[in-house]
Amino acid sequence: MPIMDTENSNISRAEEVKVLANEAFKAHKYAQAIDLYTQAIALNGQNAVYWANRAFAHIKLEEYGSAIQDASKAVEVDPKYSKGYYRRGAAYLSMGKFKDALKDFQQVKKISPNDPDATRKLKECEKAVMKLKFEEAIAVPDSQRHSVADSIDYHSIGTGPSSSSVPTEVAVAAVAVAVVAAVMMIVGTTLATVVAIMVVVLVVLGARWWGSCSGVFHEGQIRDLDVEPQYSGARIDEDVVTLDFVKKMMDDFKNQKCLHKRYAYQIVLQTREMLQALPSLVDINVPDGNHFTVCGDVHGQFYDLLNIFELNGLPSDENPYLFNGDFVDRGSFSVEVILTLFAFKCMSPSAIYLARGNHESKGMNKIYGFEGEVRSKLSEKFVELFAEVFCCLPLAHVINEKVFVVHGGLFSVDGVKLSEIRAIDRFCEPPEEGLMCELLWSDPQPYPGRGPSKRGVGLAFGGDVTKRFLQENNLDLVVRSHEVKDEGYEIEHDGKLITVFSAPNYCDQMGNKGAFIRFEAPDLKPNIVTFSAVPHPDVKPMAYANNFLRMFS
């Protein structure tokens with residue numbers, strides 16, 4: 001067949017495959033769509049649409065590193081193809097790289113100046129970058145930052161009559177207004193009025209800044225923490241979190257009622273005390289004849305969490321759980337999830353173990369909804385408090401010296417010992433490289449060796465890497481989470497690695513099952529239980545997320 005005919009045949013076949021890929025995408029079968037777009041690219045790699053479409057499918061699977069690579073190839077093939085810049089900008093945005101996203105959306109606007117959608121997204125991106133710059137400008141240096149948790153004594157709040165004290169900034173504002181009035185009476189000019197208003201604003205902001213820098217939790221800020229007589233929700237008696245309290249709290253949450261802030265403070269602060277005392281790698285002992293359950297990502301899907309407890313029983317010393325990170329974000333009931341898990345931890349520390357995921361971090365929470373949800377349901381102070389507590393979460397667990405459980409995966413180098421993981425200084429925001437980063441972000445790959453991360457953070461590691469790590473540490477199995485799976489789990493690397501994901505129908509659109517793993521001692525053979533999503537109130541995922549990100553959801 002002549003070369004021209006072969007090329008035309010390939011182009012025609014590529015279009016047919018693209019149609020199939022588009023159908024898979026519309027059916028939310030994103031992995032299948034990626035495979036089909038890959039086939040189309042193999043037939044005709046000079047079509048920018050194929051690259052951009054595959055980038056979009058990668059975004060849906062949270063594979064932002066791969067999405068950026070594909071979108072970059074799309075604009076390389078056709079520099080005037082606006083969707084290439086659009087997809088790359090969306091991927092940068094999802095990684096919190098607002099400045100890089102802004103450059104791409106500026107290019108989209110340049111190519112399509114009359115596109116109202118491009119104009120709207122560019123404006124939102126500009127707002128996000130301006131906000132980021134402002135936050136960087138007013139950020140308190142680490143050397144001057146004080147712990148929010150250390151400034152709160154829940155024992156002294158919520159038990160007496162409401163405080164009549166006035167917040168510092170209000171008192172200062174009153175003095176400032178008095179001074180301003182005197183100035184205006186003396187000078188009586190428009191300029192004096194403008195200067196006076198500026199004085200009031202600056203003095204009040206200064207007072208607020210001083211309070212935040214000092215970490216002081218003023219009495220005026222806790223006036224709303226007294227438990228009102230008419231409050232009918234769950235109550236903690238004598239500072240002891242009981243099973244009856246947790247059950248009542250979960251029932252209230254199920255009916256979309258709130259927990260009083262006084263009790264929310266106690267739960268979060270008590271959990272922090274327990275987590276602080278733990279090493280970065282926690283050893284778990286399951287006696288012979290007993291069982292232990294490992295759950296993966298929950299991502300704010302509170303009603304599916306309740307379903308796990310219905311299927312497998314509530315956490316207790318006889319029915320212990322490990323929740324393997326990513327408790328929050330995306331799902332719009334993250335506050336209910338985290339308070340429930342923390343409350344069980346307060347009730348009985350050995351009934352529930354908690355590991356850090358990549359979403360237990362400021363950067364992720366700011367983008368994917370938890371920060372906005374906490375601010376809406378609790379307060380700004382809780383945003384700072386949760387950020388501190390998340391830094392206390394352990395990074396990994398080992399069950400009976402045989403099963404290594406971590407949120408993300410393994411490492412960029414061989415020879416990492418459990419003692420090194422145990423010694424990691426985890427009390428910080430996750431770094432962008434190193435052991436801690438890789439524990440939270442890495443993913444398995446089906447072929448040997450190591451490769452770049454499809455997420456753009458961490459790395460991909462093969463079965464040979466898993467095998468060596470297990471041999472070097474005398475372990476039998478790696479259990480990790482971090483990735484949505486159609487059946488709620490996946491067994492890889494010759495049976496030596498299991499991914500478990502416990503958020504069914506993730507984000508109300510993936511159609512996947514959820515799963516958890518029950519281990520029976522002494523053999524610790526994994527028994528995997530799958531389950532489907534249950535109904536929840538009509539609050540969409542990402543309801544509290546960054547406004548710009550919701551535009552792409």
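It should be emphasised that the depicted structure is a prediction, and the values quoted were computed from it without experimental measurement.

A closer look at the overall build of the chain
Within the chain, the secondary structure is distributed over 20 helices and 14 strands. Evaluated residue by residue, the chain yields a buried proportion of 52% over its 553 residues. Sequence-distant contacts, at least 24 apart, represent 71% of the contacts inside the chain between residues at least 6 apart. Carbon and sulfur atoms make up 54% of the accessible area of the chain, which totals about 25,000 Å².

A closer look at the pattern of salt bridges
Any two side chains of opposite charge can pair, so long as their charged atoms come close to each other. Evaluated as defined, the whole model comprises 31 salt bridges. The partner of Arg 375 in a salt bridge is Glu 371, and the shortest N-O contact between them spans 2.9 Å. In this pair, Arg 375 and Glu 371 are both assigned in helix H15 (residues 370-377), four residues apart and thus about one turn of the helix distant. Assessed through its relative accessible area of 36%, Arg 375 is described here as partly exposed. Note on Glu 371: relative accessible area 12%, which makes it buried. Note that Asp 414 and Arg 468 form a salt bridge whose closest N and O atoms lie 2.9 Å from each other. Residue Asp 414 is located in the loop between strand S6 (403-406) and helix H17 (418-422), and its partner Arg 468 is located in helix H19 (residues 463-472); the two are separated by 54 residues in the primary sequence.

Overview of the sheet that holds strand S2 (residues 291-295)
Across the sheet, five strands lie side by side as S4-S3-S2-S13-S14; this open sheet has mixed pairing. Strands at the two margins of the open sheet, each flanked by one partner only, are strand S4 (352-354) and strand S14 (525-531). Mean inter-strand twist for the sheet, computed between neighbouring axes without regard to direction, equals 20°. In the sheet, S2 pairs with strand S3 (residues 321-323) via three bridges, with the strands oriented parallel.

Notes on the packing of helix H3 (residues 48-60) against helix H5 (residues 82-94)
At a closest axis distance of 9 Å, the pairing of H3 and H5 adopts a crossing angle of 20°. The angle between H3 and H5 falls in the class roughly parallel. For the crossing formed where H3 meets H5, the hand is left-handed. Of the residues in H5, those touching H3 at Ala 52, Ala 55, Phe 56 and Ile 59 are Lys 83, Arg 87, Ala 90 and Ala 91. Of the residues that constitute the contact of H3 with H5, the class distribution is six nonpolar, no polar and two charged.

Structural notes on helix H4 (residues 64-77)
Across its 14 residues, H4 extends 20 Å between first and last C-alpha, which sits within 8% of the 20 Å expected from 1.5 Å per residue. When we look at burial in H4, the residues that qualify are Tyr 64, Gly 65, Ser 66, Ala 67, Ile 68, Asp 70, Ala 71, Ala 74 and Val 75. Tucked into the core, H4 has its buried residues touching H3, H5 and helix H14 (362-368).

Considering the packing of aromatic side chains
Here the structure, examined in full by the defined rule, presents 23 aromatic pairs. Look at Tyr 86 and Phe 105: their rings are 5.7 Å apart centre to centre, the planes differ by 75°, and that puts the pair in the edge-to-face class. With a gap of 19 residues between them, Tyr 86 in helix H5 and Phe 105 in helix H6 (residues 98-111) connect regions that are remote in the sequence. Both residues of the pair, Tyr 86 and Phe 105, count as buried. Cluster of aromatic residues (ring-pair linked, three or more members): Tyr 265, Phe 342, Phe 370, Phe 382, Phe 386 and Phe 390.

Considering the sheet that holds strand S11 (residues 489-492)
Read from one edge to the other, the open sheet built from six strands follows the order S1-S5-S6-S10-S12-S11, with strand pairing classed as mixed. The outermost strands of the open sheet, each flanked by one partner alone, are strand S1 (281-284) and S11. The sheet shows a mean angle of 20° between the axes of neighbouring strands, taken without regard to direction. Pairing geometry for S11 and strand S12 (residues 497-500), over four bridges, is antiparallel. Within S12, the residue paired with Glu 490 across the bridge is Thr 499.

Considerations on the nonpolar core
With 60 residues, the main nonpolar core has Leu 259, Ile 267, Phe 323, Leu 339 and Phe 386 as its most contacted residues. Looking at this core, the elements that each hand over two or more residues are helix H10 (243-254), helix H11 (261-276), helix H12 (302-312), S3, helix H13 (334-347), S4, H15 and helix H16 (380-390). Of all the elements, H13 adds the most residues to this core, at nine residues. With residues near it in sequence (within four places) discarded, Leu 259 still touches Tyr 231, Ala 234, Phe 245, Met 249, Phe 253, Ala 264, Ile 267 and Leu 339.

Some details on the state of the cysteines
Using the criterion set out here, one finds zero disulfides in the structure. With no disulfide of its own, Cys 392 has Cys 391 as its nearest cysteine by sulfur position, at a separation of 6.8 Å. Residue Cys 392 is classed as buried on the basis of its relative accessible area of 3%.

Focus on the side chain of Arg 262
Among the secondary structure elements, Arg 262 is positioned in helix H11. Of the polar contacts made by the side chain of Arg 262, one reaches the side chain of Gln 266; its length is 3.0 Å.

Rules behind the numbers
Residues numbered from 1 in each chain as written. Predicted model: local features only at pLDDT ≥ 70, side-chain atom pairs only at ≥ 80, totals over all residues. Heavy atoms only, no water. Helix = DSSP H or I, 4+ residues; strand = E, 2+ residues; numbered from the N terminus. Buried < 20%, exposed > 50% of the residue type's maximum accessible area, 1.4 Å probe, protein only. Contact = heavy atoms within 4.5 Å. Areas by Shrake-Rupley, 256 points an atom, 1.4 Å probe, with all protein chains shown as cover. Salt bridge = Lys/Arg side-chain N within 4 Å of Asp/Glu carboxyl O. Pairing = 2+ DSSP bridges. Axes fitted to C-alpha atoms, helices over the stretch in contact; angles between N-to-C directions. Parallel < 35°, antiparallel > 145°, perpendicular 65-115°, else oblique. Left-handed = near helix turned anticlockwise from the far one by under 90°. Nonpolar A, V, L, I, M, F, W, Y, C, P; charged D, E, K, R; others polar. Expected span 1.5 Å × (residues − 1). Phe/Tyr/Trp six-rings, centres within 6.5 Å; stacked < 30°, edge-to-face > 60°. Core = buried A, V, L, I, M, F, W, Y, C linked by side-chain atoms within 4.5 Å. Disulfide = S-S within 2.5 Å. Polar contact = N/O pair within 3.5 Å; in protein donor to acceptor, adjacent residues only side chain to side chain.

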